[in-house]
Amino acid sequence: MGESTLKNKKTNLFLILAGIFITNALIAELIGGKIFSFEKTLGFDPLDISLFGDFMLQFNLTAGVLLWPVVFITTDIINEYFGKRGVKKITYITVGLIAYAFLVIYLAIKLVPADFWLGVYATDANGNAFNIDEAFQKVFSQGLNIIFASLVAFLIGQFVDVYVFHKLRKITGHNKIWLRATGSTLISQLIDSFVVLFVAFYFLGSWPIEQVLAVGVTNYIYKFLIAIALTPLLYIAHYFIDRYLGKDISEQLQEEASNESGDKLF
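Quick caveat: nothing in here was measured; it's all calculated off a predicted structure. Here the residue numbering is sequential within each chain, running from 1 through the sequence in written order. Per-residue local features are limited, in this predicted model, to residues with pLDDT of at least 70; the limit for side-chain atom pairs, both in listing and counting, is 80 or more; totals at the level of whole chains, interfaces and linings are taken over all residues. Each side-chain value is derived from all of the structure's non-hydrogen atoms; neither hydrogens nor water enter the calculation.

Per the secondary structure count, the protein chain includes nine helices and four strands. Helix and strand labels come from DSSP, where a helix needs a run of H or I of at least four residues and a strand needs a run of E of at least two; each type is numbered from the N terminus. The N-to-C order of helical and strand elements in the protein chain reads α-β-α-β-β-β-α-α-α-α-α-α-α. Accessibility here uses a 1.4 Å probe with only protein chains present; expressed as a share of the type maximum, an area under 20% marks a residue as buried, one over 50% as exposed, and anything in between as partly exposed. Counting every position in the protein chain, which comprises 266 residues, the buried fraction comes to 44%. When contacts within the protein chain are restricted to residue pairs at least 6 apart in sequence, long-range pairs at least 24 apart make up 77% of them. Exposure was quantified through the Shrake-Rupley algorithm and a 1.4 Å probe, taking into account, for residues, occlusion by the shown protein chains and nothing else. Only carbon and sulfur atoms are counted for the fraction: they give 65% of the accessible area of the protein chain, which is about 13,900 Å². Residues counted as positive are Lys and Arg, residues counted as negative are Asp and Glu, and His and the chain ends are not counted. We put the charge of a Lys on NZ, of an Arg on CZ, of an Asp on CG and of a Glu on CD. The averaged location of the 22 negative side-chain charges in the protein chain is 10 Å from the averaged location of its 20 positive side-chain charges. Residue contacts are counted whenever heavy atoms from the two residues lie within 4.5 Å of one another.

Here it is as structure tokens:
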């Protein structure tokens, strides 16, 4: 197969994985300010198990946890075919785009609202007085804390994921994809789960440490279970990627990713 074909397939694969990675990371940041009840969403009563003093173990999760497992699994797939260079490249691009979103949201909050907009939404569905601009600011200003905290947690988590993934890859070789992918994800998400909450809601917010720990534990339990449940997707992704690339190109990319022998990503 020609060099141009190899380059085109590598580029196309990286663009698809990068698109999945960036889209899910950015959406997770924007919706991360909402805390939802996992049990009530499924129609069950909260667990209400005593944890960390007065706080109960309930599956009250940040909405962003719905998508972060997808981000970390995509990280492992990029790691598998493009190595540390590929993960670092997409991580830096994503951080830059999230920071850009942070700036745009901040500027949007500072814009003076139009009088007619305030008037149209002057009452809620029950006829009570409602200030839509204040609601907008509260939702997105909390989101700004989440975005800043997530950037910190995201960078730390990504580099931990890469480090653990390659350590396990040296042990497993090309076998046991589930071990290096799921193992690196579980460790990196443990760090990510608590760093983002401590920065966003403890240092920049007003949550007591017990509440941070309680939500952090439930967030991680969820991420742990989802990471295990999504493990088969790694093999499905590998199957389709290997079919697209062809056996020779797939093995070449994985070998280069394993020992970082290539001089450049593309």
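Attention now goes to empty space enclosed by the protein. Only protein atoms enter the calculation, which uses a 1 Å grid: trapped sets of points that fit a 1.4 Å probe without letting it out are cavities, open sets showing protein on both sides within 12 Å along at least five of seven lines are pockets, and any residue with an atom within 4 Å of a point is a lining residue. Grid points are joined across faces, edges and corners, and a volume is the space filled by probe spheres set on the points. All told, the structure shown has three cavities of 30 Å³ or more when counted by the stated rule. Around the largest cavity, the lining is made up of 15 residues, and of these Thr62, Trp68, Ser150, Asp192 and Val196 lie nearest the centre. If you tally residues by element for the lining of the largest cavity, the top one is helix H5 (residues 132-172), at four residues. Under the scheme applied here, ten amino acids are nonpolar (Ala, Val, Leu, Ile, Met, Phe, Trp, Tyr, Cys and Pro), four are charged (Asp, Glu, Lys and Arg), and all others, including Gly, are polar. Taken together, the residues of the lining of the largest cavity sort by class into seven nonpolar, five polar and three charged.

Taken as a whole, the largest pocket holds about 300 Å³ of empty space. Counting only elements with at least two residues in the lining of the largest pocket, the list comes to helix H1 (3-31), helix H3 (68-110) and helix H8 (231-245). It is H8 that provides the largest number of residues to the lining of the largest pocket, a total of five residues. Residue composition of the lining of the largest pocket, by class: 13 nonpolar, one polar and no charged.

So, on to the environment of Ala129. One can find Ala129 in the loop between helix H4 (115-120) and H5. A relative accessible area of 77% means that Ala129 is categorised as exposed. Sequence spacing of Ala129 and Phe194 is 65 residues, and the spatial spacing of their C-alpha atoms is 37 Å.

This part covers a nonpolar patch on the surface. A cluster of nonpolar side chains, contributed by Phe148, Val152, Ile156, Tyr202, Phe203, Leu204 and Ile209, occupies part of the molecular surface with about 610 Å² of accessible area. Counting residues per element, the nonpolar patch draws most heavily on H5, at three residues. Tracing the sequence through the fold places Tyr202 in helix H6 (residues 177-203). Judged by relative accessible area, which is 35%, Tyr202 ranks as partly exposed. Residues qualify for a patch when their relative accessible area is over 30% and they have no salt bridge, like charges being joined within 9 Å and the nonpolar side chains of Val, Leu, Ile, Met, Phe, Trp and Tyr within 5 Å. In the sections that follow, a salt bridge refers to a side-chain nitrogen of Lys or Arg positioned within 4 Å of a carboxyl oxygen of Asp or Glu.

Among buried residues, the Ala, Val, Leu, Ile, Met, Phe, Trp, Tyr and Cys ones that are joined through side-chain atoms within 4.5 Å form a nonpolar core. Counting residues in hydrophobic clusters, the biggest one holds 36 residues, and the most contacted among them are Ile77, Ile78 and Tyr81. Only H1, H3, H5, H8 and helix H9 (247-259) provide two or more residues apiece to this core. If we skip the residues at most four places from it in the chain, Tyr81 touches Leu13, His238, Ile241, Asp242, Leu245, Ser250, Leu253, Gln254 and Ala257. Counting 13 residues, the second largest nonpolar core, distinct from the first, contains Ala153, Phe198, Phe201 and Val215.

This part is about the side chain of Glu80. Checked against the element boundaries, Glu80 lands in helix H3. For Glu80, the residues in contact, after removing those within four places along its chain, are Phe165, Arg169, Arg180, His238, Leu253, Gln254 and Ala257.

On their own, these measurements won't tell you what the molecule is for.
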